[in-house]
Amino acid sequence: MTDKPQSDDEIITSVLAGQRRDFELLIQRYSGKIIRFIGSMIADADEAQSIAQDVFIKIYENLPYYKQQNSFSAFIFKVAKNMTLNWLQRQKKTVFFSRLLGREYDQIPERAAPPRPGDAEASERDEAITRNLRRLPEEQRIALILKVYLEFSYKQIQEISGWSVPKIETLISRAKSRLKKNIALQEKNSAFVLQVRKK
Amino acid sequence: MKCKKARWRLSAYQDGELAPAPAREVEMHLQHCAACRSELEALDGLLGNLRHLAMPVAAPGFSVRVMAGLQARPRARFRLLPQLAYTLALLVIFVSGFLLEMSANGPPAAPVQPATTFSAVLAESLDLGLLTVHDSTMELLNGDDHEN
């Protein structure tokens, strides 16, 4: 007979009772998803690790304020979403002031994960998708990423974001349309460039 | 269901988020509308590409690093200590400055009571040099008898 894994709330109760090391179980349970979410939002794999680390530290510090009747998953993703948006905001300011001062700012790589070795085509496609994902308005991007990469239901996305279900439906629908349109346009442009080069 | 409404609901239908009744309506529409079927296929293609995107994963030892970071941090209540110490130091400097100022100037002078009687007003005005009164007038006012 295998032991039933501890629920999130059981782990939190144990951490709050002084078993600090039990917090590592929560990190192991959520770090993959949190890094996937942040990485897809900011398209910078290294920075995603650093923000995720701060998210877990913040979660640890705020555990006494977490109400156990709510979903811990929603709680941690809410914190991750806010910290990612703060990071993006700071990034925008840095880019703005760098341009204002006439300096060339090192743009962050438009890639959520390291390139796939030996698969140039897949890597190129990943880059095009990531680039277009990054260009989506933030709310659309959050909703789409939570749905597609984290496989949350609209109801769970509502818990994380506080948006209504109809709004989430609209955000995701618009995000998909825009992505589809932009990727098709880019493919058309690439084909045209290739054609011109051949001539 | 018209195409416009069907297109609007296609994304939620694809996500499996429609309630049974609207989902049936979309399905019925798709059975006889090739354009909307093709739109759904395009959305499926997009979703496939999105799901194949290489995703970042937690670096090895991520949880150990976070735990080490947490151990190194002082507990929440102690993290406020530097701020508290700074505020206290400012308060001490302010209070000491005030006390020093007080001791240098001595205690504040008692408030001057306004003169109430005529002779007091006169005496005060004379002291301040606002009035010049002949000595005999003063003697008269003070009630001295000079008829000797």
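Residues numbered from 1 in each chain as written. Chains lettered and ligands numbered in written order. Predicted model: local features only at pLDDT ≥ 70, side-chain atom pairs only at ≥ 80, totals over all residues.

S.K.: Describe the overall build of chain A, with residues and values.
M.R.: From N to C terminus, chain A includes 8 helices and 0 strands. Starting at the N terminus and walking to the C terminus, you meet the elements of chain A as α-α-α-α-α-α-α-α. With 199 residues in all, chain A has 33% of them scored as buried. Long-range pairs, those at least 24 residues apart, make up 62% of the contacts in chain A between residues at least 6 apart in sequence. (Helix = DSSP H or I, 4+ residues; strand = E, 2+ residues; numbered from the N terminus. Buried ≥ 20, exposed ≤ 12 C-beta atoms within 10 Å, placed from the backbone. Contact = placed C-beta atoms within 7 Å.)

S.K.: Give me the overall build of chain B: which residues, what numbers.
M.R.: Of regular secondary structure, chain B possesses 8 helices and 0 strands. Put simply, chain B runs from its N terminus to its C terminus through helices and strands in the order α-α-α-α-α-α-α-α. Burial analysis of chain B (148 residues in total) assigns 11% to the buried set. Partitioning the intrachain contacts of chain B with sequence separation of at least 6 by distance along the chain shows that 48% fall at a separation of at least 24.

S.K.: Account for the interface of chain A and chain B, naming residues and giving values.
M.R.: Accessible area lost upon the coming together of the parts is a frequently used measure of interface size. With 36 residues of chain A at the interface, the matching set in chain B holds 27 residues. Looking at the side of chain A that touches chain B, the elements that each hand over two or more residues are α2 (23-42), α3 (45-62), α5 (120-134), α6 (138-148) and α8 (165-198) of chain A. Per-element accounting of the side of chain A that touches chain B gives the leading share, 10 residues, to α2(A). A class-by-class count of the residues in the side of chain A that touches chain B yields 16 nonpolar, 10 polar and 10 charged. (Nonpolar A, V, L, I, M, F, W, Y, C, P; charged D, E, K, R; others polar.)

S.K.: How would you sum up the nonpolar core? Please name residues and give values.
M.R.: Counting residues in each nonpolar core, the largest one holds 53 residues, and the members touching the most others are Ile34(A), Phe37(A), Ile38(A), Ala52(A), Ala143(A) and Ile145(A). In terms of residues, this core owes the most to one element, α2(A), which gives 10 residues. (Core = buried A, V, L, I, M, F, W, Y, C linked by C-beta atoms within 7 Å.)

S.K.: Can you tell me about the packing of α2(A) against helix α4 (residues 72-100) of chain A, naming the residues and giving the values?
M.R.: Residues and elements named next belong to chain A. Relative orientation of the contacting elements α2 and α4 amounts to 30 degrees, with a least axis distance of 10 Å. Compared by their axis directions, α2 and α4 come out roughly parallel. Note on packing geometry: the crossing formed by α2 with α4 is right-handed. In contact with Tyr30, Ile34, Phe37, Ile38, Met41 and Ile42 of α2, α4 contributes Ile76, Phe77, Ala80, Thr84, Trp87 and Leu88. When the residues that make up the contact of α2 with α4 are grouped by side-chain class, the tally is 11 nonpolar, 1 polar and no charged. (Axes fitted to C-alpha atoms, helices over the stretch in contact; angles between N-to-C directions. Parallel < 35°, antiparallel > 145°, perpendicular 65-115°, else oblique. Left-handed = near helix turned anticlockwise from the far one by under 90°.)

S.K.: Tell me about the packing of α8(A) against helix α3 (residues 34-51) of chain B, residues and numbers included.
M.R.: At a minimum axis distance of 10 Å, the contact between α8(A) and α3(B) shows a crossing angle of 85 degrees. When the interaxial angle is binned, α8(A) and α3(B) end up roughly perpendicular. Contacts between α8(A) and α3(B) involve Lys176(A), Leu179(A) and Lys180(A) from the former and Ala42(B), Leu43(B) and Leu46(B) from the latter. Taken together, the residues of the contact of α8(A) with α3(B) sort by class into 4 nonpolar, no polar and 2 charged.

S.K.: I'd love a proper account of the domain arrangement of chain A, names of residues and values included.
M.R.: Residues and elements named next belong to chain A. In terms of domains, chain A is made up of domain 1 (1-114) and domain 2 (118-199). Those elements that provide at least two residues to the side of domain 1 that touches domain 2 are α2 and α4. Among the elements that take part in the side of domain 1 that touches domain 2, α4 stands out by supplying 6 residues, more than any other. Its residues assigned to classes, the side of domain 1 that touches domain 2 shows 8 nonpolar, 2 polar and 6 charged. (Domains from an automatic or database assignment.)

S.K.: Before we move on, can you summarise the environment of Trp87(A) with the specific residues and values?
M.R.: Residues and elements named next belong to chain A. Relative to the assigned elements, Trp87 resides in helix α4. Judged by C-beta crowding, with 19 C-beta atoms within 10 Å, Trp87 ranks as partly exposed. As for Trp87 and Pro166, which are separated by 79 residues in sequence, their C-alpha atoms are 28 Å apart. Those residues in contact with Trp87 that sit more than four places away from it in its chain are Ile42 and Ile51.

S.K.: Outline the confidence of the model for chain A, supporting the account with residue identities and numerical values.
M.R.: Averaged over chain A, the pLDDT score is 85; the fraction of residues at 70 or greater is 88%. The lowest-confidence element of chain A is α5(A), averaging 79 in pLDDT; the highest-confidence one is α6(A), averaging 95. (pLDDT = per-residue confidence, 0-100.)

S.K.: Outline helix α1 (residues 3-14) of chain B, listing residues and values.
M.R.: An ideal rise of 1.5 Å per residue puts 16 Å on 12 residues; α1(B) measures up with 16 Å between its terminal C-alpha atoms. Three or more residues of α1(B) are buried, namely Ala6(B), Leu10(B), Ser11(B) and Ala12(B). Looking at the packing, one finds that the buried side of α1(B) touches α8 of chain A together with α2 (20-32) and α3 of chain B. (Expected span 1.5 Å × (residues − 1).)

S.K.: Describe the environment of Pro137(A), and please don't skip the residues or the numbers.
M.R.: All names here are of chain A. Tracing the backbone shows Pro137 in the loop between α5 and α6. Exposure remark for Pro137: the 12 C-beta atoms within 10 Å place this residue in the exposed category. Residues Pro137 and Ala175, spaced 38 residues apart in sequence, show a C-alpha to C-alpha distance of 8.3 Å.

S.K.: Now, about the confidence of the model for chain B: what can you tell me, with residues and values included?
M.R.: All names here are of chain B. Averaged over every residue, the pLDDT of chain B is 80; the share at 70 or more is 74%. Confidence, expressed as mean pLDDT per element, reaches its minimum in chain B at helix α5 (residues 76-79) with 55 and its maximum at α2 with 93. Taken over the whole predicted complex, pTM reads 0.71, whereas the ipTM for its chain interfaces reads 0.77.

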